[in-house]
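# Fold and contact review
Here is how the chains run, residue by residue.
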Amino acid sequence: MGVDSKPAVVVGAGPAGLCAAIELKRAGAPVVLMDENGKPGGQLFKQIHKFFGSREHSAGTRGFEIGRRLLADSLELGIDVRLDTEVVGIEPGLGVWAVERRSRSYTLEAGCVILATGASENGLAFPGWTLPGVMTAGCAQTLVNVHRVLPGRRVLIVGSGNVGVIVGYQLLQAGAEVAAIIEGAPALGGYGVHTAKVRRAGVPFYCGTTILRAEGEEGVERAVIAKVDRGFKPIAGTEETLEVDTICIAVGLTPALDLAYLAGCKPIFVPELGGNMPLHDGYMRSSVEGVYVVGDTAGVEEASTAMEEGRLAGIHAAYALGFLGEAAMRERTEATWGRLDSLRQGVFGQKRFAAKARILAEGKVRA
Amino acid sequence: MSGEASSGGRRIASHPILGEPEAAREVTIYLDGAAIAAKEGEPIMSALVAAGVGVFRHTKRGSPRRMFCGIGRCTDCVMTVDGIPGVRTCVTPVREGMLVERQEGAGSWKGGEGHGRR
Amino acid sequence: MSSTNASLKTDGAPSIEELRAAGVLPSREQLAQRPCVCVECIEEIPCNPCETSCPQGALTVGDPITNLPVIDRDKCTACGACIPACPGLAITIKSLSGDLAKIRFPWEYLPLPEAGEEVDMVDRMGMTVCRGKVVAVSNPPRNNRTAVVAAEFPAERVDEVISIRRNHE
């Protein structure tokens, strides 16, 4: 097996990156896991709800429990985890340029690079959107679930996908009031079981509704909403004012692609998964030799799919570096794809399945 | 402090899923000279929101700002920390005696030594 | 937009008609015979902890795991293990006895209600439909922080009631 191997460098210690690093380390490959934050786990630790899926997907387990388990595994395996370490460049020949604690920079020659840099929440511009009190749903979620601080007392949530609805529920659990969840489309986006939980707590949903403006002197004091027509244009005379001090924007995420672009990865535009993302094949290999892309970076889905994609890349990278035999690689890749496919089923999953199939079809060109 | 009434920030005592808060050492930070109780290890943003601080800074045109993404990607939450302007308060942990100041626009360097994470 | 589950997809909660159409609402006769598990899960998402939680094998999802759960009422002993197991908090157990109905439902808020407490019973839109009384509250570690509350209320409301009002004290 491989000797004197340059390490696999995994960028991002969220669920995808952690799973990739764990696979590599278990195969005996040298691996370095870097994260720009002071704590690993990505967005996993603020997920306090029970996950869906099946037992093999850790269904019924709360997100932060999965995070703790992954961290414990990585510690037990002795993975070289470098926190407060920002990767600012990927040079041809896979030199990973890292800056540690904003004070020391170094280049690590990598055998391969796995980009697991996640995604960013989208903004929504409307008059007053910069006022204190307007924030992303994820920001509110971080505040209540990680820092245990309420962002405000009465919240309007804009966007009814799972993120907005789950954060609405978690704000209720934290002791805030949710005045309403509004959705521009004619129907709600999130799972029915998520919306039902919040609805029976008395939170109203308004479809075909947009936010016109946020009002207030030094912070949000009111939100003005209105109905929209089929073209998403506000309908005059339907304005309503809500007394809120917080407005959470939950209108989707976009893959974080800085490093993928720097590395030269070819993108593909897939609106269902968040916009532009790097092309990849069934092993999560990008168009650049030795660079893999996994998790939300490769298309916005869920923590459970991110973990499986991380495993795919970790398994293949271990093989590519000479630490895993081909038969074992193929068998474990197939098993992982089985679990991934079952997560991409049903009324919500099938759109993601079709979108990923388009990426894979084009991504095969470099297989 | 402006915006206090509407900021509504406060700490969550018992939580149905998270349970009781973990014991944490209290530290004192200073916002524009006023002492604020903070928990060791938490980001500046969290201590300020818990203390009911409604405004973190103003832009050059006088627009009040606080926080937006909360995870270090958007720079809405920047303040001047220990003399260094433009520090992201959502990813910078508090330290005993830390001096946090509201800045106008990009703020200005006050000779700080770089403890804060930008 | 499809009219399937219109109430669920515009108001956020299923209507009683939608639940009946999905076959998940037990009849009054069934409720009077024995406690009935009500799984208000009417969208196909990949999820099956209810199946794995049932010690009697009374809940079946099968393969693919997007199948809607099916309850075998002959096998079900109403032990209630499925109530905290469902990540969507979509499962309750209801029964009828004379002019009283009883519901056991999941609860993940503070304060936890207390046995003996008089409360407002709410429907799926969060509207108070009647008063009720909390009979028991359990939150053992195996529930992983999802408490189960049992409450009694007037029998005629058995189809509408789904929980208690959130700020119940």
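Please read all numbers here as calculations on a predicted model, not as lab measurements.

### Quick notes on the overall build of chain A
Across its full length, chain A holds 9 helices and 21 strands. For a compact globule of 367 residues, the expected C-alpha radius of gyration is about 21 Å, and chain A comes in at 21 Å, within 12% of that figure. Expressed along its principal axes, the backbone C-alpha trace of chain A runs to roughly 70 × 45 × 35 Å. Counting every position in chain A, which comprises 367 residues, the buried fraction comes to 60%. The contacts in chain A between residues at least 6 apart in sequence include a share of 64% that link residues at least 24 apart.

### As for the interface of chain A and chain C
Across the contact, 36 residues belong to chain A and 38 residues belong to chain C. The set of elements that each furnish at least two residues to the side of chain A that touches chain C consists of helix H4 (162-174), helix H5 (192-199), helix H8 (326-343) and helix H9 (346-363) of chain A. For the side of chain A that touches chain C, the leading source of residues is H5 of chain A, giving 8 residues. Across the side of chain A that touches chain C, the residue classes tally to 17 nonpolar, 13 polar and 6 charged.

### With respect to the domain arrangement of chain A
Residue and element names in this part refer to chain A. As assigned here, chain A comprises domain 1 (8-120 + 253-366) and domain 2 (123-249). The C-alpha centroid of domain 2 is placed 31 Å from the C-alpha centroid of domain 1. If you look at the interface, domain 1 gives 6 residues, while domain 2 gives 8 residues. In terms of residue class, the side of domain 1 that touches domain 2 is built from 3 nonpolar, 2 polar and 1 charged.

### Side note on the interface of chain B and chain A
Each side of the interface is counted separately: chain B has 35 residues, and chain A has 34 residues. Taken together, the elements giving at least two residues each to the side of chain B that touches chain A come down to helix H1 (4-7), strand S1 (10-11), helix H2 (44-50) and strand S5 (64-65) of chain B. A total of 3 residues in the side of chain B that touches chain A trace back to one element, the largest contributor, which is H2 of chain B. When grouped by side-chain class, the residues that make up the side of chain B that touches chain A number 16 nonpolar, 11 polar and 8 charged. Across 2 bridges, the pairing between strand S10 (residues 149-150) of chain A and S1 of chain B is antiparallel.

### What about the sheet that holds strand S16 (residues 240-242) of chain A?
All names here are of chain A. Strand order in the open sheet formed by 3 strands is S14-S15-S16, with antiparallel pairing between adjacent strands. Only two strands of the sheet have a single neighbouring strand rather than two, namely strand S14 (209-215) and S16. Neighbour-to-neighbour, the strand axes of this sheet turn through a mean angle of 30°, independent of strand direction. Pairing analysis gives 6 bridges linking S14 to strand S15 (residues 222-227), with the strands arranged antiparallel. Looking at S15, one finds that Glu215 is bridged to Arg222.

### Observations concerning H5 of chain A
For H5 of chain A, the buried fraction is high: 8 of the 8 residues fall into the buried class. Turning to H5 of chain A, its buried residues are Gly192, Val193, His194, Thr195, Ala196, Lys197, Val198 and Arg199 of chain A. Buried residues along H5 of chain A sit in contact with H4 and strand S13 (205-206) of chain A together with helix H1 (6-10) of chain C.

Here is what the cut-offs are and how they apply
- Residues numbered from 1 in each chain as written.
- Chains lettered and ligands numbered in written order.
- Predicted model: local features only at pLDDT ≥ 70, side-chain atom pairs only at ≥ 80, totals over all residues.
- Helix = DSSP H or I, 4+ residues; strand = E, 2+ residues; numbered from the N terminus.
- Rg over C-alpha atoms; globule rule 2.2 N^0.38 Å.
- Buried ≥ 20, exposed ≤ 12 C-beta atoms within 10 Å, placed from the backbone.
- Contact = placed C-beta atoms within 7 Å.
- Nonpolar A, V, L, I, M, F, W, Y, C, P; charged D, E, K, R; others polar.
- Domains from an automatic or database assignment.
- Pairing = 2+ DSSP bridges.
- Axes fitted to C-alpha atoms, helices over the stretch in contact; angles between N-to-C directions.

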